[in-house]
Amino acid sequence: MGEWKEYKLEELCEILDYKRIPLSSGQRQKRKGAYPYYGAQGIIDYVDDYLFDGVYLLVAEDGNNVLTQKENIAIIATGKYWVNNHAHVLGYNGKCDLYLLGYILNSMDISGYVTGSAQPKLNQANLVNIEIKIPTLEEQNRIVSILKSLDDKIENNRRINENLEQQAQALFKSWFVDFEPFKDEKFVESELGLIPDGWRVGTLDEICSFISRGLTPKYDDSTNEFILGQTCVRNNIVTLTNARKHLPKSKTEKWVNQWDVLINSTGIGSLGRVGVVYFDKDNVAIDSHLTVVRVDDPILRHYVGRNLLSRQIEIENMAVGSTGQTELPRDSVKAMLIILPPIDLLEKFNSIIEPMALKMYRNIDESERLSQLRDTLLPKLMSGEIVIE
């Protein structure tokens, strides 16, 4: 392995922050378009024009994540896009591959360069002084080719899952919201409007005997028991990526089961977010910021999940409390009305949805393993424990 030399970040890239232009939410509303609008942690909107065209590394400038680094602080952006003043923009200057620079920044502890605790900030003056070791360009290319191949597979899995998710939601909407296959049937009045004759309306409590908030965890990295928090519910899916280890109190029903539905139930911003548990593990619980909804009859396992996923705004509006203290009452979840189709239709729905759901789970599981492999490889490559010829 060639020698890894240390540089300050400003020597390894071009700083293009001066090209950033922030747009308020009101301005963006008037300028809706096809170009991604990036903030500190990725795309937050789409607008009608772009500031950057090409491959650049975006590094979060502020937000709690620059201190906790629970998520990546650096991401590669490609194509044409707009960037606001919450993300630093780094360009290639011939010394360091931007992908490698991103991998390094995401793997190192940058807390010493962050100022503020209430409003953590990685300002440009501190960013440019981050000390980073890199090898020759030739070796950089070899390292990036390996790490990027893993990321490419992860991204491909994400796109497949996104497509499957869209198909699943479209099917649910067609059958159970718009009633498109049943237009020629007789409809009757119900508490939720007109529904096909033979269907009925019930409450969530009627079909789910277990609707409960989770545990107050005692974190302990020495155990093999995991607990899910709000950051584990993303993009309609429950993931173990941000799960933490804890000391279990007992093997209770608060251990999640496959096909459970989890709802973020406290705070602002993420309250009401819904995710379905695709994995089948016996060592995962939920914390008190989540509500678990578990159906009694397995025939409803996919229908209830899809139903709640389609009603996330409604669930968010059920929150009570003052600013900063909002929460979702369990009784309100139990009282939610839900249309109940005939069993034979649910069986047909399950036969279509379950293979799609299991495919998504396999992709998630593979991506998590690839992500762990990538994060394990980088320090070994940097230390010389693994040498690429």
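Shown above is the structure to which this text applies.
Procedures and definitions
Residues numbered from 1 in each chain as written. Predicted model: local features only at pLDDT ≥ 70, side-chain atom pairs only at ≥ 80, totals over all residues. Heavy atoms only, no water. Axes fitted to C-alpha atoms, helices over the stretch in contact; angles between N-to-C directions. Helix = DSSP H or I, 4+ residues; strand = E, 2+ residues; numbered from the N terminus. Parallel < 35°, antiparallel > 145°, perpendicular 65-115°, else oblique. Contact = heavy atoms within 4.5 Å. Nonpolar A, V, L, I, M, F, W, Y, C, P; charged D, E, K, R; others polar. 1 Å grid on protein atoms, 1.4 Å probe; cavity = no way out; pocket = protein on both sides within 12 Å on 5 of 7 lines; lining within 4 Å. Points joined across faces, edges and corners; volume = space filled by probe spheres on them. Phe/Tyr/Trp six-rings, centres within 6.5 Å; stacked < 30°, edge-to-face > 60°. Buried < 20%, exposed > 50% of the residue type's maximum accessible area, 1.4 Å probe, protein only. Pairing = 2+ DSSP bridges. Core = buried A, V, L, I, M, F, W, Y, C linked by side-chain atoms within 4.5 Å. Polar contact = N/O pair within 3.5 Å; in protein donor to acceptor, adjacent residues only side chain to side chain. Salt bridge = Lys/Arg side-chain N within 4 Å of Asp/Glu carboxyl O.

Considering the packing of helix α6 (residues 137-176) against helix α8 (residues 301-309)
For any two helices packed against each other, one specifies the crossing angle of their axes together with the interaxial distance. At their nearest, the axes of α6 and α8 sit 10 Å apart, and the two run at 95° to each other. By the criterion of interaxial angle, the relationship of α6 to α8 is roughly perpendicular. Here Glu 165, Ala 168, Gln 169, Phe 172 and Phe 176 of α6 come into contact with α8, specifically with Tyr 303, Arg 306, Asn 307 and Leu 309. Within the contact of α6 with α8, the residues separate by chemical class into five nonpolar, two polar and two charged.

Description of the layout of surface pockets
There is about 260 Å³ of room inside the second largest pocket. Lining the second largest pocket, in full, are Gln 41, Asp 62, Gly 63, Asn 64, Asn 65, Thr 68, Lys 70, Glu 71, Thr 231, Arg 234 and Asn 242. The residue inventory of the lining of the second largest pocket, partitioned by class, reads no nonpolar, seven polar and four charged.

A closer look at empty space enclosed by the protein
Throughout the structure, instances matching the rule amount to three cavities of 30 Å³ or more. The space that makes up the largest cavity amounts to roughly 60 Å³. What lines the largest cavity is Trp 259, Val 276, Tyr 278, Arg 301, His 302, Gly 305, Arg 306, Ile 353 and Ala 357. For the lining of the largest cavity, the elements supplying multiple residues, two or more each, are α8 and α11 (343-383). It is α8 that contributes the most residues to the lining of the largest cavity, four residues altogether.

Let's talk about the packing of aromatic side chains
Evaluation of the coordinates by the stated rule reveals 16 aromatic pairs. For the pair Phe 52 and Tyr 56, a centre-to-centre distance of 5.6 Å together with 65° between the ring planes defines the contact as edge-to-face. Neither residue differs from the other here; Phe 52 and Tyr 56 are each classed as buried. Aromatic side chains Phe 176 and Tyr 303 sit 4.9 Å apart centroid to centroid with 80° between the ring planes, which places their arrangement in the edge-to-face category.

Focus on the sheet that holds strand β3 (residues 32-39)
Strand order in this open sheet of four strands is β4-β3-β8-β5, and the pairing throughout is mixed. Each having just a single partner strand, β4 (42-47) and β5 (52-53) make up the two edges of the open sheet. Of the strand pairs in this sheet, β3 and β4 are connected by six bridges, and their pairing is antiparallel. When the bridges of β4 are listed, Lys 32 appears paired with Val 47.

A short note on the nonpolar core
Of all hydrophobic cores here, the largest spans 47 residues; its most connected members are Leu 204, Val 293, Leu 300, Tyr 303, Val 304 and Leu 308. Looking at this core element by element, the count peaks at eight residues for α11. Apart from the residues lying within four places of it in its own chain, the contact partners of Tyr 303 are Phe 172, Phe 176, Ile 338, Ile 339, Leu 340, Pro 341, Leu 346 and Phe 349. Counting 35 residues, the second-largest nonpolar core is a separate cluster that includes Ala 60, Cys 96, Ile 143 and Val 144.

Overview of the environment of Asn 242
In this fold, Asn 242 is placed in the loop between β17 (237-238) and β18 (244-245). When the C-alpha positions of Asn 242 and Gly 384 are compared, they lie 29 Å apart, and in sequence the two are 142 residues distant. Sequence-distant contacts of Asn 242, that is, excluding residues within four places in its chain, are made with Lys 70, Thr 231, Cys 232 and Arg 234. Within the local environment of Asn 242, its side chain forms a polar contact with the backbone oxygen of Thr 231, the two atoms lying 3.3 Å apart.

Let's talk about the packing of helix α4 (residues 98-107) against α6
Relative orientation of the contacting elements α4 and α6 amounts to 70°, with a least axis distance of 9 Å. When the axis of α4 is compared with that of α6, the two are roughly perpendicular. The segment α4 lies against α6, with Tyr 99, Leu 100 and Tyr 103 engaging Gln 140, Ile 143, Val 144, Leu 147, Lys 148 and Asp 151. A breakdown of the residues in the contact of α4 with α6 according to their chemical character gives six nonpolar, one polar and two charged.

Re the sheet that holds β18
Ordered in space as β18-β15-β21, the three strands form an open sheet in which the pairing is mixed. Looking at the sheet topology across the chains shown, the edges are occupied by β18 and β21 (284-286). In the sheet, strand β15 (residues 226-228) pairs with β21 via three bridges, with the strands oriented parallel. Pairing of Ile 227 across the sheet is with Ala 285, part of β21.

Things to note about the pattern of salt bridges
Going through the model one piece at a time under the given rule, you end up with 23 salt bridges. Two residues, Arg 158 and Glu 162, come together in a salt bridge whose shortest N-O distance is 3.4 Å. Of this pair, Arg 158 and Glu 162 both sit in helix α6, four residues apart, which is roughly one turn of the helix. According to the relative accessible area criterion, Arg 158 is partly exposed, its value standing at 41%. In this structure, the salt-bridge partner of Glu 327 is Arg 213, at a minimum N-O distance of 3.3 Å. Linking Glu 327 in the loop between α9 (312-316) and α10 (330-334) with Arg 213 in strand β14 (residues 210-213), this pair joins segments that are 114 residues apart in sequence. Residues joined by salt bridges that share partners form a network here, namely Asp 17, Arg 20, Glu 61 and Lys 121.

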